[in-house]
Amino acid sequence: MIGLKNLEASLEAAEAYKEKASVEIVAFPQHGLLRSRSVSLVREALRMGASLVGGIDPASIDGDIEKTLQTVIELAVEANANIDLHIHDPGHLGIFTFKRLAALTAEAGWQGRVTVSHAFALADVTTEEASEVAELFAHQGISVTSSVPLAKTIPIPLLHEKGVDVSLGDDSITDHWSPFGKGDSLEKAGVLAERFRLVDERSLGQTLGYITGGITPLNKEGKRVWPNAGDDAHFVAADASCSAEAVARRAKRAAVLYKGKCVAGKL
Amino acid sequence: MNDAFWLLNARLESGYEVEDGAVIGTNTKCHHLLIKDGKIADIRSSNETITDHLPKRDAKQLLALPAFIEKHCHLDKTLLSDRWRPVTPAKNIFERLEIEKKVLPSLETTTQERAETLLDIYVKFGVSHVRTHVDIYPEIGLKHLEDVQKALETFEGKLSYEIVAFPQHGLLRSKAKDLVRESLRQGAGFVGGVDPATVDGDIEASLQEMVELAVEGNAGIDLHLHDADHLGVFTIKRLAQLTKEAGLEGKVAISHAFALGDISETEAEEMAEILADAGITIITSVPINRKFPPVGLLQEKGVPVAVGCDNIFDVWSPFGNGDILERAGRLAEVLNWSDERSLAQTLCFITGGQTPLNHDGEQVWPKAGDEANIVFVEASCSAEAVARRAKRAAVMFKGEIVSGSL
């Protein structure tokens, strides 16, 4: 019904902010890739500037796990694009979907190019089962994005420990799905820390990695690993004495630099 | 008392907009409020022109909400205004108690300063009443009580308060009975306590002593109960019996009561009936790292439930910011109360039960004669304020603007 209208608007918004932040766009067939017959629209979206193939619950929305996953992979390979799938399907339905996705990722040689958003099923199964999926994801370079839903949270520290690249997102920010969401990634990191009792200095400091693409000023051993000469000059000047304080106390952001330019606040 | 004045153009909720049985919006109307002797003396439609010569202030169509109540905090524990310091690992509550005992006296800031910093935050966020626990144990005697009372004096006229004499190291374990008794004479209104089983090691003796102190001091009770599942449930049942025997119905609260979150719904229903019968309030800080009492079920069964922030950057937890409205929003988010009515009704947990509209959408607050304790927020309705953590533009306590401006 809307075709590529939302994509065009998003591309315009991204263009308007291109000096302030980088944006990647997922072509997301919200009503089901198969269910809403959106394959050619997604293909067209990838040509127009979307850089990832999206998808949603191959089982409960599209009704055919195998066909949806196959189609997603085909679209991605054809356009040389990455993949980001919303998978809310619970319990072993979700787990089965993850395992098929991992197998297809391996077959297509798409390691390191697939993300599962939400992955709620990981919250429904035993630690052993979640660990198995985590190992599979780590092996295939499948990353996971979570909004840290408070009612039911997937075992994020376990995934991280197993080598899965986990990042956080806000997802709904006062929309038709949810009235909550504040758009503050640092607040999200603090919620994650509180949720999983990551309260000591080191754990809090390392929590920052979930909202920075894995970068923390100190590594686990306390050695400084950021910044290094040559790094992109993207940084946040926070009103805090250390990363741990910034995460726990939701530090005030005094200034934000993007590519060396101050894009918010003042320095 | 302050002189009477008109507060013009205050936005009040007037009803829910319903379509096909679902609330699809909240209607509001602007009113003029006559503020007199700390109360809302009269409420007139904003279509009326006020012709008397009383002073006027303009609320600029900001939404008025009943001021908030912080039902569980520790003004003597926060590290706010002192420097950042990490939470260091502790194997159990006893190790944590020892750490706290050492750290607090070593700080460069005073208990009073830190308490005032937190009180200042509360006032700005719209809190007009706090219940604070204050540590009472032999090494410090009544010092924290005195320091917290000084801080509260500084905030005289900005909020009201009640103090719980809290034997943090165990009423029996630290032999704090005489100190708690003395605290009740010196201004504390509640006997506190913590885990009669795990901390004191004798549920019966611990509860008996609490009740005895409360009766003798004509005080209430507010027990910290972290003890889990059946241990906690057993303790709650016994406290309910003792509450009724002593005639303390309506004066007893249990904070945390984690056990109520550990049991089945059927068991929780039974517990809710016991609590309602004994007039015991449940207070929760809405933890996101463990189960907590089924707030909706308790409320349905007639158990008063309140939300408090509890730890705000202290030796126990690095989190917490003193925004009780944010805490209400968290409750709604955890319980998936995202529709208009559920969000709006969530406000009752931080206002002592008051909401502008009742469940059926009838306006029940404010009424002429109500205390003029009001938060003016940048929101179109209660639901928005709770979900979006609305900015507090001004706070009124007993008719005086105590934060922000109008």
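Just so it is clear, the model here is predicted, and its values are computed rather than measured.

A.B. asks: So, the overall build of chain B: which residues are in play, and what are the values?
C.D. replies: When you go through chain B residue by residue, the secondary structure sums to twelve helices and 16 strands. Its C-alpha radius of gyration of 22 Å places chain B within 12% of the 22 Å reference for a compact globule of 406 residues. With the principal axes as the frame, chain B shows a C-alpha extent of 65 × 50 × 40 Å. Burial status across chain B gives 60% buried among its 406 residues. Residue pairs in contact within chain B that sit at least 24 positions apart in sequence constitute 73% of those at least 6 positions apart. Here chain B displays about 15,700 Å² of accessible surface, and carbon together with sulfur accounts for 46% of that area. Across chain B, the mean location of the 43 positive side-chain charges is 4 Å away from that of the 63 negative side-chain charges.

A.B. asks: Any details on the side chain of Ser255(B)? Residues and values, ideally.
C.D. replies: Residue and element names in this part refer to chain B. Mapped onto the elements, Ser255 comes out in strand S11 (residues 252-256). Judged by its relative accessible area of 0%, Ser255 is buried. With residues up to four places along the chain from it excluded, the contact list for Ser255 reads His72, His133, Asp222, Leu223, His224, Leu225 and Ile283.

A.B. asks: How would you explain the environment of Ala251(A) if you had to name every residue and give the values?
C.D. replies: Residue and element names in this part refer to chain A. Looking at where Ala251 falls in the secondary structure, it is placed in the loop between helix H9 (243-249) and strand S8 (253-258). On the basis of relative accessible area, Ala251 is assigned to the buried category, the value being 5%. Separated by ten residues in sequence, Ala251 and Ser241 have C-alpha atoms that sit 9.5 Å apart. Discounting chain neighbours no more than four positions away, the residues touching Ala251 are Leu186, Ala238, Asp239, Ala240 and Ala246.

A.B. asks: Which residues make up the pairing of strand S9 (residues 190-194) of chain B, and what values do they have?
C.D. replies: Residue and element names in this part refer to chain B. Among the five residues that make up S9, five are buried, leaving the element largely enclosed by the rest of the structure. Across two bridges, strand S8 (residues 160-166) lies against S9 in parallel orientation. Note on S9: the bridge partner recorded for Ala165 is Val191. As for the winding sense of the linkage, the β-α-β connection from S8 through helix H4 (residues 177-185) to S9 is right-handed. Two elements, S9 and strand S10 (residues 220-225), share five bridges in a ladder whose sense is parallel. Bridge pairing in S10 places Val191 opposite Ile221.

A.B. asks: Run through the pattern of salt bridges, naming residues and quoting values.
C.D. replies: Tallying each qualifying case throughout the model produces 39 salt bridges over all chains. The shortest N-O distance in the salt bridge between Arg389(B) and Glu187(A) comes to 2.4 Å. Of this pair, Arg389(B) sits in the loop between helix H12 (382-388) and strand S15 (392-397) while Glu187(A) sits in helix H7 (residues 185-195), placing the two residues on different chains. On the accessibility criterion, Glu187(A) (13% relative accessible area) is buried. A salt bridge links Glu326(B) to Arg250(A), with the shortest nitrogen-to-oxygen separation between them at 2.5 Å.

A.B. asks: Would you mind going over the domain arrangement of chain B in detail, with residue names and values included?
C.D. replies: Residue and element names in this part refer to chain B. By the assigned domains, chain B splits into domain 1 (5-67 + 356-404) and domain 2 (69-319). The interface is formed by eight residues belonging to domain 1 together with ten residues belonging to domain 2. With both sides pooled, the region where domain 1 packs onto domain 2 buries about 780 Å², and carbon together with sulfur makes up 60% of that total. When the area that domain 1 buries against domain 2 is broken down by residue, the three leading residues are Arg392, Phe397 and Val402, summing to 57%.

A.B. asks: Provide a residue-level description of the UniProt feature "domain: Amidohydrolase" (unreviewed entry) in chain B, including the pertinent values.
C.D. replies: Feature annotation in UniProt assigns "domain: Amidohydrolase" (unreviewed entry) to the following positions: residues 174-402 of chain B. Secondary structure within residues 174-402 of chain B divides into 39% helix and 16% strand; the distance between the first and last C-alpha atoms comes to 40 Å.

Thresholds, definitions, all that
Residues numbered from 1 in each chain as written. Chains lettered and ligands numbered in written order. Predicted model: local features only at pLDDT ≥ 70, side-chain atom pairs only at ≥ 80, totals over all residues. Heavy atoms only, no water. Helix = DSSP H or I, 4+ residues; strand = E, 2+ residues; numbered from the N terminus. Rg over C-alpha atoms; globule rule 2.2 N^0.38 Å. Buried < 20%, exposed > 50% of the residue type's maximum accessible area, 1.4 Å probe, protein only. Contact = heavy atoms within 4.5 Å. Areas by Shrake-Rupley, 256 points an atom, 1.4 Å probe, with all protein chains shown as cover. Lys, Arg positive; Asp, Glu negative; His and termini not counted. Charge placed at Lys NZ, Arg CZ, Asp CG, Glu CD. Pairing = 2+ DSSP bridges. Right-handed = clockwise from strand over helix to strand, strands pointing away. Salt bridge = Lys/Arg side-chain N within 4 Å of Asp/Glu carboxyl O. Domains from an automatic or database assignment. Buried area = accessible area lost by both parts, 1.4 Å probe. UniProt positions renumbered as here; feature names shortened; annotations may be inferred.

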